[in-house]
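Per-entry structural report
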Amino acid sequence: NEINEKNANKAITRGDVARIIGLADIVILENEQEACEVELYDIGSVDDATYSMLTHCVATGLILGYDDASYKPEKALTRAEVATLLTRLLDRVEE
């Protein structure tokens, strides 16, 4: 669709990845959705779907915030961060 085509070459954000990794964990791996109190001060501006998946990812240990208790949902991911997330997701396959 037009939205996907428009964003195809745009950098992916940490918020986008929270949604993707959370959905992969729930839908593909068939894990139960979990939630927790998230003490990351900068996630109040994300949409409900991103917030839901982000709390799931934090509850399951897939995603961690920064040392300053932020998540920086609009920040692009580094290759190292993507590799870490994929490794954590694959570790859940083995559980």
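Residues numbered from 1 in each chain as written. Predicted model: local features only at pLDDT ≥ 70, side-chain atom pairs only at ≥ 80, totals over all residues. Heavy atoms only, no water.

Considerations on the pattern of salt bridges
Rule in force here: A side-chain nitrogen of Lys or Arg and a carboxyl oxygen of Asp or Glu constitute a salt bridge if their distance falls within 4 Å. Helical segments are the DSSP runs of H or I of at least four residues, strand segments are the runs of E of at least two, and each set is numbered from the N terminus. The rule is simple: take the accessible area with a 1.4 Å probe, protein chains only, and divide by the maximum for that residue type; under 20% is buried, over 50% is exposed, in between is partly exposed.
Taken as a whole and judged by the stated rule, the model has four salt bridges. Glu81 is paired through a salt bridge with Arg14; the nearest N and O atoms lie 3.1 Å apart. Pair noted here: Glu81 is in helix α4 (residues 79–94) and Arg14 is in helix α2 (residues 14–28), with a separation of 67 residues, a long-range link. For Glu81, a relative accessible area of 19% puts it in the buried group. For Arg14, a relative accessible area of 6% corresponds to the buried category. One salt bridge connects Arg19 with Asp47, and the closest N-O pair in it is separated by 3.6 Å. One end of the pair, Arg19, is in helix α2; the other, Asp47, is in the loop between α2 and α3 (48–59), and 28 residues separate them in sequence.

Concerning the side chain of Arg14
Our working rule: Polar contact is the term for a pair of N or O atoms within 3.5 Å; when the atoms are in protein, one must be able to donate a hydrogen and the other to accept it, and sequence-neighboring residues count only if both atoms are side-chain atoms. Any two residues whose heavy atoms approach within 4.5 Å at even a single point are treated as in contact.
Within the structure, Arg14 has its side chain in polar contact with the side chain of Glu81 (distance 3.1 Å). Residues contacting Arg14, with those up to four places away along its chain left out, are Leu64, Tyr66, Tyr71, Lys72, Pro73, Lys75, Leu77 and Glu81.

A look at the packing of aromatic side chains
Put simply, the test is: Within 6.5 Å between ring centres, the rings of Phe, Tyr and Trp (the latter by its six-membered ring) count as paired, and their orientation is classed by plane angle as stacked under 30 degrees, edge-to-face over 60, tilted in between. Any Lys NZ or Arg CZ found within 6 Å of a ring centre and within 35 degrees of that ring's normal is scored as a charge over the ring.
For the coordinates displayed, the defined rule picks out zero aromatic pairs. Above the plane of the ring of Tyr66 lies Lys72, whose end atom (NZ or CZ) is 4.4 Å from the centre.

Remarks on the packing of α2 against α3
Note the cut-off: An axis is simply a line fitted to the C-alpha atoms; with a helix, the fit covers only the stretch in contact. Between two such axes, the angle follows the N-to-C directions and lies from 0 to 180 degrees. Crossings are sorted by hand: turned counterclockwise from the far helix by less than a right angle, the near helix makes the crossing left-handed, and turned clockwise it makes it right-handed. Throughout this entry, Asp, Glu, Lys and Arg are counted as charged residues, while Ala, Val, Leu, Ile, Met, Phe, Trp, Tyr, Cys and Pro are counted as nonpolar. The remaining residues, Gly among them, count as polar.
One way to put it is that α2 packs onto α3 with a least axis distance of 8 Å and a crossing angle of 65°. The element α2 and its partner α3 pack so that their crossing is left-handed. Mapping the contact onto sequence places Gly15, Ala18, Arg19, Ile21, Gly22, Leu23, Asp25 and Ile26 in α2 and Ala49, Thr50, Met53, Leu54, His56 and Cys57 in α3. Here the contact of α2 with α3 is built from residues that sort into eight nonpolar, four polar and two charged.

Details of α3
Here is the rule: Working rule for helices: expected span equals 1.5 Å times residues minus one.
The end-to-end C-alpha distance of α3, which contains twelve residues, comes to 16 Å, matching closely the 16 Å that a straight helix rising 1.5 Å per residue would cover. By the burial criterion, the buried members of α3 are Thr50, Met53, Leu54, Thr55, His56 and Cys57. Packing partners of the buried residues in α3 comprise α2. Capping the start of α3 is the job of one residue whose side-chain oxygen sits 3.1 Å from the backbone nitrogen of Ala49: Asp47. Just beyond α3, the residue with positive phi is Gly61, at close to 80°.

Examining the environment of Glu34
Structurally, the position occupied by Glu34 is in the loop between α2 and α3. Sequence separation between Glu34 and Thr55 is 21 residues; the distance between their C-alpha atoms is 7.4 Å. Contact partners of Glu34, with chain neighbours within four places excluded, come to Thr55, His56, Ala59 and Thr60.

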